[in-house]
Amino acid sequence: RFAGSLVDTDMVARAKRAECYFALGKYEVAVREFAVINRTKADYNSLYLQAMSLKAIGRYSEAVVCFTRAITMRPLMVKLFAQRADCYFRMHDYVRSESDCSDAIALDLKNYSLYYARGVCRLAAGNAGGAVDDLTIALKDPNLLSVAYAARAKAYSKIKKNDLAA
């Protein structure tokens, strides 16, 4: 019983240390620490931080695995779907990226940055009409105005509505 509590204490200390490495931007070290934790006692937070560390160093497919495991623990967490969608986007898997964006939107209809992300994904996948729809919704967020207008202009030009692109 005592040995088990030492292992638990060691894992808590390792998790805190890994979180510090993550906060300091030492993602390679954080990945190694979180990998040890997640092999034996994975929880949502350690999986999320391992995935974010992997994403930060460009190991997107491995990050997707961690985000997926975290989603099974917290299936209503919007940021997990959004971050996994970004990984898929960076891997040029626009179908899965769009699907994750759609799942995130279903969980948070008022998060206009999700519409922006899905619009950009649709634009990259060649669905300019769908992109225009999403990017128009994204314009409701004043923080997204310049980027959403620019992306929507690209979408309009792809569907040959150049008069609307300006």
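Note that the structure is a prediction, hence the values are computed from the model and not measured.

### What about helix α5 (residues 78-90)?
Stage number 1. Between its terminal C-alpha atoms α5 stretches 19 Å, which fits the 18 Å expected from 13 residues at 1.5 Å a residue.
Stage number 2. Buried within α5 we find Val78, Leu80, Phe81, Gln83, Arg84, Ala85, Cys87 and Tyr88.
Stage number 3. Positioned one or two residues after α5, His92 has a phi angle of 65°, which is positive.

### Some details on the confidence of the model for the protein chain
Stage number 1. On average, the protein chain scores 92 in pLDDT, and the residues at 70 or more come to 92%.
Stage number 2. Every residue in residues 1-7 is under pLDDT 50, and counting partners more than four places away or in other chains gives 0 contacts.

### Comments concerning the packing of aromatic side chains
Stage number 1. This structure, assessed with the given rule, holds 5 aromatic pairs.
Stage number 2. Sitting above the plane of the Tyr48 ring, Lys79 keeps its charged end 4.3 Å from the centroid.

### So, helix α7 (residues 112-125)
Stage number 1. With 14 residues, α7 extends 20 Å from end C-alpha to end C-alpha; this agrees with the ideal 20 Å at 1.5 Å per step.
Stage number 2. Next to the buried residues of α7 lie α5, α6 (94-107), α8 (128-138) and α9 (145-158).
Stage number 3. Following α7 by one or two positions, Gly126 adopts a phi angle in the positive range, close to 95°.

### Overview of the environment of Asp86
Stage number 1. Its location among the elements puts Asp86 in helix α5.
Stage number 2. Taking the C-alpha atoms as reference, Asp86 lies 17 Å from Asp108; in sequence the two are 22 residues apart.

### Things to note about the state of the cysteines
Stage number 1. Inspection of the entire model under this criterion finds 0 disulfides.
Stage number 2. Considering cysteine sulfurs only, Cys87 is the nearest to Cys66, which forms no disulfide, with 9.7 Å between them.
Stage number 3. Taking the relative accessible area as the measure of exposure, Cys66 reaches 6% and is therefore buried.

### Some thoughts on the pattern of salt bridges
Stage number 1. Considering all chains together, one arrives at 11 salt bridges under this definition.
Stage number 2. Between Arg17 and Glu33 there is a salt bridge whose closest N-O contact spans 3.2 Å. Here Glu33 lies in helix α2 (residues 27-40) and Arg17 lies in helix α1 (residues 2-23), a separation of 16 residues in the sequence.
Stage number 3. Given the relative accessible area of 35%, Arg17 is considered partly exposed.
Stage number 4. Here Arg84 and Asp100 are joined by a salt bridge, their closest N and O atoms 2.6 Å apart. Of this pair, Arg84 sits in helix α5 while Asp100 sits in helix α6, and the two are 16 residues apart along the sequence. Each member of the pair, Arg84 as well as Asp100, carries the same accessibility label: buried.
Stage number 5. Each of the salt bridges in this network shares a partner with another, and the network as a whole consists of Glu98, Arg118, Arg122 and Asp134.

Rules used in this analysis
Residues numbered from 1 in each chain as written. Predicted model: local features only at pLDDT ≥ 70, side-chain atom pairs only at ≥ 80, totals over all residues. Heavy atoms only, no water. Helix = DSSP H or I, 4+ residues; strand = E, 2+ residues; numbered from the N terminus. Expected span 1.5 Å × (residues − 1). Buried < 20%, exposed > 50% of the residue type's maximum accessible area, 1.4 Å probe, protein only. pLDDT = per-residue confidence, 0-100. Contact = heavy atoms within 4.5 Å. Phe/Tyr/Trp six-rings, centres within 6.5 Å; stacked < 30°, edge-to-face > 60°. Lys NZ or Arg CZ within 6 Å of the ring centre and 35° of its normal. Disulfide = S-S within 2.5 Å. Salt bridge = Lys/Arg side-chain N within 4 Å of Asp/Glu carboxyl O.

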